[in-house]
Amino acid sequence: MQGLEMPTASMVTLAIVQALLMLALAPLATGFSRVIRAKMHSRRGPGVLQDYRDIFKLLRRQEISPINSGTIFTVTPYILIVTMLLVGMALPAVTNESPFPIAGDIITDIYLFAIFRFFFSLSGLDSGSMFAGIGASRELTLGVLVEPILMLSIVIMALIAGTTDLGFISKHMATETWSAPMATLMAGAACAFAVFIEMGKLPFDSAEAEQELQEGPVTEYAGAGLALMKIGLGLKQLVVAQLFLALFIPFGKAADFTLPHVLMGFVVLFIKLFIVFLIAGLVENSVARTRFLKTHHLTWSGFGVAVLGFAFYLTGL
Amino acid sequence: MTALSVSILLYIAGALASLALNKAENTAIKLSGILGALGGVAGLFASVPTLLNGTTVVKQIYSPFYFADFMIRLDPLAAFMVMVISVLVVAASIYSISYMEEYKGKGAWAMGFFMNTFIASMVALVVSDNAFYFIVFFEMMSLASYFLVIAEQDKKAVDAGLQYFLIAHAGSVLILIAFYMMYRATGSMNFASFETLRDTAHALPVWESSVIFLLAFFGFGAKAGMIALHGWLPKAHPAAPSNGSALMSGVMVKIGVFGIIKVGIVFLGAQVLWWGFVVLAFGCVSSVLGVLYALAEHDIKRLLAYHTVENVGIILMGVGVGMIGMTTGHPVIAALGLLGGLYHLLNHAVFKGLLFLGAGSIIFRTHTKDMEKMGGLAKVMPYTALAFLIGTMAISALPPLNGFVSEWFIYQSLLSLSHGSSMAVQVGGPVAIIMLAITGALACMCFVKVFGVSFCGAPRTENAANAKEVPAPMVMGAWILAILCVVLGLGSPWIAPVISSVATSVISMDTVNVVQGAALIPADGTRAILSTPIIIIALSALILVPVLLVSVFRGPALKRRTKRDLPWACGYGYEGRMTVSAGGFTQALRSMFAPLYTLRKILDPAPAMNAVLTATTNAARKTEPVFDDYIIMPVSRLIIRLADKIKVMQHGDFRIYCLYMVIALLVLLFVPVEFGGM
């Protein structure tokens, strides 16, 4: 296997195109979730493009920061988008290998998500609002509960593929026979669970409940800041979904960097994302919200699945 | 070597100047700070060239004791430690020039003396190559820091000091026994002869070397503050003045890690496999429990002290992997683990030093350690706030800062370890990875709390509202370390090879390639790649995207409205008290991890030690009169008569006693240097 190197110009271009496309599609993904929810509630609901309209409207509105908020509150929306764009660039979304492997190390990506969480929660505390503060606390608590599940399922894949580079793991899964299929399936199930939580879905979170705690750190944002926060959160949903796809459903991607193959890769990616968001939406709207203090019962069982996967890996299943 | 002597002499000069100028405290504070900082700079001049060349200098200087040769050895590991100490000393000494004004009239000059003695003994300790002098300097370090702990002189500080004193000495007894056993085995107290124990030809029986290792591990572990022996740490570090806490937390606990590396790897050559697992296991438990206990704190310095327990755990993880790699014959894994551990040792010194200095600045202005009484400080202390933010990001291991780079190496070494053939490493590696991941997430939460509650939002008290930026030297001290956090992170492709060569020199093997262009690799380019400079370039270039987005679609919006609107409160009137408190912020998590918090009470050795102490005191009290009447009283009467005769020496003046200490110091250090050529 050839070593990892600095990316070439064409790879970087693909990486940027891919990241910008995700940014452009983020409101579509969240809009789609809203459509599914309305359908399952038997309401008419807004159209699938509603989130674009919301964001364009918000971008033109005046920004308001609460009296005690400081710089952190102002810069956070930008930081959220920037970190997610960087992960987006590194994901092997349409090609077998990562177009930007320098940021495509799985451990680096997990800690880039930590930057997102760090500033997202900090902005909540900076706003001085009690709802944002409690929301920040919940966001971080969930982060603590999810981290072991995500890390263990990813470690299993890294051990199977013998590398922590996302592109190489993805390529290994796509092109070689699965050496430990049961372990892979279990890790996939655990990772899907972790990704579901990271997407901010019920029963863990509901970004659409406009009141109370669920809006979390977003509570005090207005105007362009709110628009950027909404894009950032949507982008994160897309990015974590693709992280899951890259690791566990890496099929149908371009084997090289030629244009027709890459375009085909994009088409396949859309279909895969559509299915992921459809399933996530269906699950989210068929479960009840649980008490927050009990969420760890659920997450520990998710961790149990990951541990089972690891046991399977050890026994070579 | 000359620079090293100059450095130590400057510290001693700082100590003496501070002692002599007890009447003119202003000058004492300034002189001790400036001389300390200069000593640090000299220390850097002594250590950095050695680090870059990888050379070892050994020198024997005159020893007044026939049984102990005064050997000085500046090898890459010692130079690395001198470098870590010196970096932090420069920042902390500059900082102390203003900070110590807080202690004016409370013995600031004495603190200047103990501070510089403390530093000098640490530097002398890491370069001394003889068990006797090692122990002497080790004790000097413990004693000088003990006086820093009881600086405030209140009951809390004295209690903390007592516990620190007890545990530190319990530890040094274990170390003494370990050294004695090695002396028995080799017939010399020089470390050079201890090192022969790692050759298979001279190796001790497994049980004997295991006993030595365990004694040294727990002895030095008590100093390092790993879990189960950490009880003194969250009490002692907060009690010391903040520049002292920075040095104790940033450097002194690392002496413990240094000792474990020295005995476990350099002397005994990690002969037995389970040693490495013991180190790894203690590392894992310390890191998770340390950060969990930190989360429950709202005293900012106690919280930081618990984070020291966590980070020592992370460093021990790297050392443990290094030892396992050595025993199982995987030098690359050993080098990676040790590289991660040593890199984290340096990084932790820098960011923990920064955070303690930052906490000191807050206390300097708000006069409280309780985070619930701070709030909104970012607006009134912007420079301190930004430096502190960099520190919190570095300790939370956010890329591309330094904390992330070292943790990345530890992750990679653990992953390489997990590929091994035995079941123990296949399970142990991933378990450690999960522990490290949980630690990372908890640290992130904890530092959002620290920064959010103390620097963000609204001021919670009058003091916080009226605070203003601290004086220039304090800002400078903190900023030196903040810039280093960035440099050690972004410059990692150029710094990692140097630390890697220290790691390979410790396990005496060929160098390992950890760099490819401007990127880091874990010795194998197909495993992983990380380039912090490119990540920062990419992140800064990507800022264009949201900026363009806003400016293109903006429209004729009004300017941002600030300073007018209260946060939303469900239609009720907003009150400051409504905001989330430090305790409330972690309440959910604490209830979820409740069993681990009860564990703390069980694991804390303090009650047991106190019980033993009380029992001993009671027993002593009972038997006391017997001795008193028949032995003590006659002797004391004799002594009183004698004392009358030698009253000349005793002035009842604290400074004179300090001077005696200095004279002892001079005999041990200055005189041998003078006669070094003989």
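The structure under discussion appears in the preceding block.
Throughout what follows, the structure given in this document is the object of discussion.

## Points about the overall build of chain B
Of regular secondary structure, chain B possesses 28 helices and 5 strands. Taken over C-alpha atoms, the radius of gyration comes to 26 Å for chain B, in line with the 26 Å a tight globule of 678 residues would show. Per-residue burial over chain B gives 60% buried out of 678 residues. Partitioning the contacts of chain B with sequence separation of at least 6, the portion at a separation of at least 24 is 80%. Working note: accessible area of chain B is about 24500 Å², and carbon and sulfur atoms make up 68% of it. Taken as two groups, the 42 positive and 32 negative side-chain charges of chain B have centres that lie 8 Å from each other.

## Brief notes about the packing of helix 3 (residues 76-99) of chain B against helix 13 (residues 331-366) of chain B
All names here are of chain B. Look at helix 3 against helix 13: their axes get within 11 Å of each other, and the N-to-C directions meet at 10 degrees. What the angle tells us is that helix 3 and helix 13 run roughly parallel. The segment helix 3 lies against helix 13, with Leu77, Phe80, Met81, Met83, Val84, Leu88, Ala91, Ala92, Tyr95, Ser98 and Tyr99 engaging Leu342, Leu345, Leu346, Ala349, Gly353, Leu357, Gly360, Ser361 and Phe364. When its residues are assigned to classes, the contact of helix 3 with helix 13 shows 16 nonpolar, 4 polar and no charged.

## Regarding the nonpolar core
In this structure, A:Leu86, A:Phe118, B:Phe80, B:Phe179 and B:Phe409 are the most contacted members of the largest nonpolar core, which totals 347 residues. With 20 residues, helix 13 of chain B is the largest single contributor of residues to this core.

## Remarks on empty space enclosed by the protein
All names here are of chain B. A complete count under the given rule lists 8 cavities of 30 Å³ or more for this structure. Taken as a whole, the largest cavity holds about 140 Å³ of empty space. When residues of the lining of the largest cavity are traced back to their parent elements, those giving at least two are helix 2 (25-53), helix 3, helix 4 (108-127) and helix 10 (242-267). A total of 6 residues in the lining of the largest cavity trace back to one element, the largest contributor, which is helix 4. Looking at the lining of the largest cavity residue by residue, the classes come out as 10 nonpolar, 9 polar and no charged.

## Overview of the state of the cysteines
Such a bond, covalent and formed between the sulfur atoms of two cysteines, is termed a disulfide. Tallying each qualifying case throughout the model produces 0 disulfides over all chains. Summary of cysteine pairing: A:Cys191 is not part of a disulfide, and the nearest cysteine sulfur, belonging to B:Cys444, is at 19 Å. This cysteine, B:Cys456, is not joined by any disulfide, and B:Cys444 carries the nearest cysteine sulfur, 14 Å off.

## Here we look at the environment of B:Asp299
Residues and elements named next belong to chain B. Of note, aspartate 299 is situated in the loop between helix 11 (273-295) and helix 12 (300-327). The exposure class assigned to aspartate 299 is buried, which follows from its relative accessible area of 15%. Among the polar contacts made by the side chain of aspartate 299, one reaches the main-chain amide nitrogen of lysine 301 at a distance of 2.9 Å.

## Observations concerning the interface of chain B and chain A
Chain B puts 89 residues into the contact, and the matching count from chain A is 86 residues. Roughly 7500 Å² is buried in total at the junction of chain B and chain A, and carbon and sulfur atoms are behind 76% of that figure. A:Glu63 is the partner of B:Arg560 in a salt bridge, and the nearest nitrogen-oxygen pair spans 2.6 Å. Summed over the shared surface of chain B and chain A, the number is 18 residue pairs in polar contact (both at pLDDT 80 or more). One ladder, built from 2 bridges, connects strand 1 (residues 64-66) of chain A with strand 5 (residues 561-565) of chain B; its direction is parallel. When the bridges of strand 5 of chain B are listed, A:Pro66 appears paired with B:Asp565.

## Some remarks on the packing of helix 5 (residues 131-149) of chain B against helix 6 (residues 155-186) of chain B
All names here are of chain B. Close contact between helix 5 and helix 6 brings their axes to 9 Å; oriented N to C, the two are set at 175 degrees. By the angle class used here, helix 5 and helix 6 are roughly antiparallel. Residues Ala131, Phe134, Ile135, Phe138, Glu139, Ser142, Leu143, Ser145, Tyr146 and Val149 of helix 5 form the contact with helix 6, whose participating residues are Ala157, Ala160, Gly161, Leu162, Tyr164, Phe165, Ala168, His169, Ser172, Ile175, Leu176 and Phe179. Of the residues in the contact of helix 5 with helix 6, the class split is 16 nonpolar, 5 polar and 1 charged.

Cut-off values and rules
Residues numbered from 1 in each chain as written. Chains lettered and ligands numbered in written order. Predicted model: local features only at pLDDT ≥ 70, side-chain atom pairs only at ≥ 80, totals over all residues. Heavy atoms only, no water. Helix = DSSP H or I, 4+ residues; strand = E, 2+ residues; numbered from the N terminus. Rg over C-alpha atoms; globule rule 2.2 N^0.38 Å. Buried < 20%, exposed > 50% of the residue type's maximum accessible area, 1.4 Å probe, protein only. Contact = heavy atoms within 4.5 Å. Areas by Shrake-Rupley, 256 points an atom, 1.4 Å probe, with all protein chains shown as cover. Lys, Arg positive; Asp, Glu negative; His and termini not counted. Charge placed at Lys NZ, Arg CZ, Asp CG, Glu CD. Axes fitted to C-alpha atoms, helices over the stretch in contact; angles between N-to-C directions. Parallel < 35°, antiparallel > 145°, perpendicular 65-115°, else oblique. Nonpolar A, V, L, I, M, F, W, Y, C, P; charged D, E, K, R; others polar. Core = buried A, V, L, I, M, F, W, Y, C linked by side-chain atoms within 4.5 Å. 1 Å grid on protein atoms, 1.4 Å probe; cavity = no way out; pocket = protein on both sides within 12 Å on 5 of 7 lines; lining within 4 Å. Points joined across faces, edges and corners; volume = space filled by probe spheres on them. Disulfide = S-S within 2.5 Å. Polar contact = N/O pair within 3.5 Å; in protein donor to acceptor, adjacent residues only side chain to side chain. Buried area = accessible area lost by both parts, 1.4 Å probe. Salt bridge = Lys/Arg side-chain N within 4 Å of Asp/Glu carboxyl O. Pairing = 2+ DSSP bridges.

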